[in-house]
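# Chains, contacts and geometry: an overview
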Amino acid sequence: MGKVILAEAAATLIGDGAIITVSSSSGLGCPDAVLAAIGERFRRTGHPRSITSLNPIAAGDMYGIKGIDHIAEEGCLARILAGSYPSGPSSAEPPLIWQMITGNRIPAYNIPSGILFDMHREASAKRPGVLTKVGLDTFVDPDRDGCAMNARAAAQPVVSKIEFAGDTWLYFPAIVPQVAIIRATTADERGNLSFEHEGAYLGAMEQALAAHNNGGTVIAQVKRLALEGSLKPHDVRVPGILVDHIVVAPDQLQTTHTIYDPAISGEIFRPLASFAAPDFGIQKVIARRVAMELADGWTVNIGFGISANVPRILIEEGLHGSITWVIEQGAVGGIPLLDFAFGCSANAEAIVASPHQFIYFQAGGFDASLLSFLQIDQSGSVNVSKLSAKPHVTAGAGGFVDITARARKIVFSGLFNAGAKLSIRGSTLAIEKEGKVQKLVPEVEHVSFSGRRAVAQGQDITYITERCVMKLTAQGVMVTEIAPGAQLERDILAQAGFPLRVAPDLKLMQANLFDPEPYGLTLRPARIMREAAE
């Protein structure tokens, strides 16, 4: 029982000036009790001061799990490097961490999640840092923003561009954490950790190694304590030799607003009938058209937004199992979940560590990715990571840059512009009132995805909206399909902030996409899709 301490005692282990690393993905796997105790200690004693926090994926959210906001106070948090940040509706008060970032009160960086995990691995092995092409010609590149989220960060760069072995690379020096704060379900008395109620392992092992191998401290928050030696060795995901202290928090949630869902952790498999089909409407029409881009047998990454409904489209069309879904938190297969459970999958066939999933993504080991867009520009570049007018609405890039860097095929989906009043009448699109905010703009505010680099690499890029389908070509963005009911000049070309090319064989989008009944989706064999791409 020597390793078990209270959260209040764990908070005293964080020294002034410490670099901490926190394992979390919004509410999923968040060691919230330990973070809360650190914040409470600071407010009571003024310590710890000047912390640097490393967060490969966001710690906490705006829906009940405070996470990083527990320590987002002047004097306590001095710097943050994160793959993503708590996000939520524009109508809500911005999280404290966003107030610190936009107020330029601390240097803040948005580093792609996979790269941040890579930095932990390099620190663990006492290597100098990460050489990568992930992020070239995006906001990650020093020629653009260099990951900086404000002026104070821009004055203290964390990435440089270097020449090595005859090629150009981005270089991120390794950052050594003194304390790792991770979370699991069960710890035995020796500190061995199992994750049987968790929706993902995230990067707990890599973060623990980075602290331990450099003489630091590893604190594990768990739901329950078990007898020494009672955990099966194959179930142990972080061995006790790396864990210094255990904090038992029996009330920890599986994820936001979820006490425990056994399908998330793989204890049971849910019947397919329990997954509700998306309500019929404009966004479902877009998701249906996205599904038509897939091929039978593919492995496909899926992100937040409209495309997150595509797995349910396949269920409704009787095609569940034709695609293997993979998400950055680590689930392989199953059905990615929505809303507060986003980042988890029900009925997964495997759950791997998030850093391993990112290696798979960074090298383009999968077939396609389905993602969202906030803005598209004339070079085909996409912004998903920054809206200055409403910064806390976006979480930052997360794994988006890692995923898109070498993906063979990417389908971006979203509404053509913001604020339009749309409806469906008799299998056609009706634009009752045009939106006031352009999403196709001359230049995106933040380059999350580089269209120029995609063209140079020969990536297959498609943009799907309610009124048209577009493709990225070497000559620019081209309209290839138009929705029934939409007028090319008035509803598409005139509403874009830059000239769109029009395919000489412009097609009509499939009319039954706009009918409420199942539309008879068929997926072409992967071989035929590959031959067409070639």
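Calculation rules
Residues numbered from 1 in each chain as written. Predicted model: local features only at pLDDT ≥ 70, side-chain atom pairs only at ≥ 80, totals over all residues. Heavy atoms only, no water. Salt bridge = Lys/Arg side-chain N within 4 Å of Asp/Glu carboxyl O. Helix = DSSP H or I, 4+ residues; strand = E, 2+ residues; numbered from the N terminus. Buried < 20%, exposed > 50% of the residue type's maximum accessible area, 1.4 Å probe, protein only. Pairing = 2+ DSSP bridges. Axes fitted to C-alpha atoms, helices over the stretch in contact; angles between N-to-C directions. Parallel < 35°, antiparallel > 145°, perpendicular 65-115°, else oblique. Left-handed = near helix turned anticlockwise from the far one by under 90°. Contact = heavy atoms within 4.5 Å. Nonpolar A, V, L, I, M, F, W, Y, C, P; charged D, E, K, R; others polar. Expected span 1.5 Å × (residues − 1). Phe/Tyr/Trp six-rings, centres within 6.5 Å; stacked < 30°, edge-to-face > 60°. Core = buried A, V, L, I, M, F, W, Y, C linked by side-chain atoms within 4.5 Å.

A few words on the pattern of salt bridges. If you walk through the whole model with that rule in mind, you get 25 salt bridges. Put simply, D137 and R452 hold a salt bridge, and the shortest N to O gap is 2.5 Å. Of this pair, D137 sits in the loop between β5 (129-132) and α5 (151-154) while R452 is found in helix α11 (residues 451-457), placing the two residues 315 residues apart along the sequence. Of the charged contacts in the structure, one is a salt bridge between K161 and D141, with a shortest N-O distance of 2.9 Å. One end of the pair, K161, is in strand β6 (residues 160-164); the other, D141, is in the loop between β5 and α5, with 20 residues separating them in the sequence. Given the relative accessible area of 33%, K161 is considered partly exposed. For D141, a relative accessible area of 2% translates into the label buried.

To continue, consider the pairing of strand β2 (residues 51-55). Of all five residues in β2, five are buried, a share of seventy percent or more. Where strand β1 (residues 19-22) meets β2, three bridges bridge the pair, whose relative direction is parallel. In the sheet register, T21 faces β2, and the bridge partner there is L54. Relative to strand β3 (residues 77-82), β2 is paired through five bridges, and the arrangement is parallel. The residue bridging S53 from the neighbouring strand is I80, located in β3.

Relative to each other, helix α4 (residues 113-124) and helix α6 (residues 204-212) sit at 40°, their axes nearing to 8 Å. By the angle between their axes, α4 is oblique relative to α6. Between α4 and α6 lies a crossing of left-handed hand. Where α4 abuts α6, its residues F117, H120, R121, A123 and S124 lie against E206, Q207, L209 and A210. Across the contact of α4 with α6, the residue classes break down as four nonpolar, three polar and two charged.

Time to look at the packing of α4 against helix α9 (residues 354-362). Viewed as axis vectors pointing N to C, α4 and α9 meet at an angle of 120°, and their least axial separation amounts to 9 Å. One element, α4, and the other, α9, form an angle in the oblique class. Handedness of the crossing formed by α4 with α9: left-handed. Of the residues in α9, those touching α4 at S113, G114, I115, F117, D118 and R121 are S354, P355, H356, F358, I359 and Q362.

Turning our attention to helix α7 (residues 282-291). Burial analysis of α7 places nine of its ten residues in the buried class, which makes it a mostly covered element. Looking only at α7, the buried set comprises I282, K284, V285, I286, A287, R288, R289, V290 and A291.

Its twelve residues place the ends of α4 17 Å apart at the C-alpha level, agreeing with the 16 Å of an ideal helix rising 1.5 Å per residue. Across the twelve residues of α4, eleven count as buried, placing the element largely inside the fold. Among the residues making up α4, those that are buried are S113, G114, I115, L116, F117, D118, M119, H120, E122, A123 and S124. K126 lies just past α4 and shows a positive phi near 60°.

Mapped onto the elements, T255 comes out in the loop between β14 (245-248) and α7. Classification of T255 by relative accessible area gives buried; the value is 2%. Sequence separation between T255 and A341 is 86 residues, and the spatial gap between their C-alpha atoms is 6.5 Å. Sequence-distant contacts of T255, defined by excluding residues within four places in its chain, comprise G27, L28, I65, F340 and A341.

Let us now look at the packing of aromatic side chains. Aromatic ring pairs are defined here through the distance separating the ring centres and the angle between the ring planes. Taken as a whole, this structure holds twelve aromatic pairs when the rule is applied. When the centroid spacing of 5.6 Å and the interplanar angle of 90° are considered together, the rings of F195 and Y201 count as edge-to-face. Y201 carries the same exposure label as F195, and that label is buried. Ring centres of F361 and F366 lie 5.2 Å apart, and the angle between their planes is 80°; on these two criteria the pair is classed as edge-to-face. With relative accessibility at 0%, the residue F361 sits in the buried group. A connected cluster of aromatic rings, assembled from ring pairs, spans F117, F358, Y360, F361 and F366.

Turning our attention to the nonpolar core. Ranked by size, the top nonpolar core spans 82 residues in total, and within it F412 and L500 carry the most contacts. With six residues, the top contributor of residues to this core is α7. Sequence-distant contacts of F412, defined by excluding residues within four places in its chain, comprise L371, S372, F373, V382, F400, F449, I461, T462, Y463 and I464.

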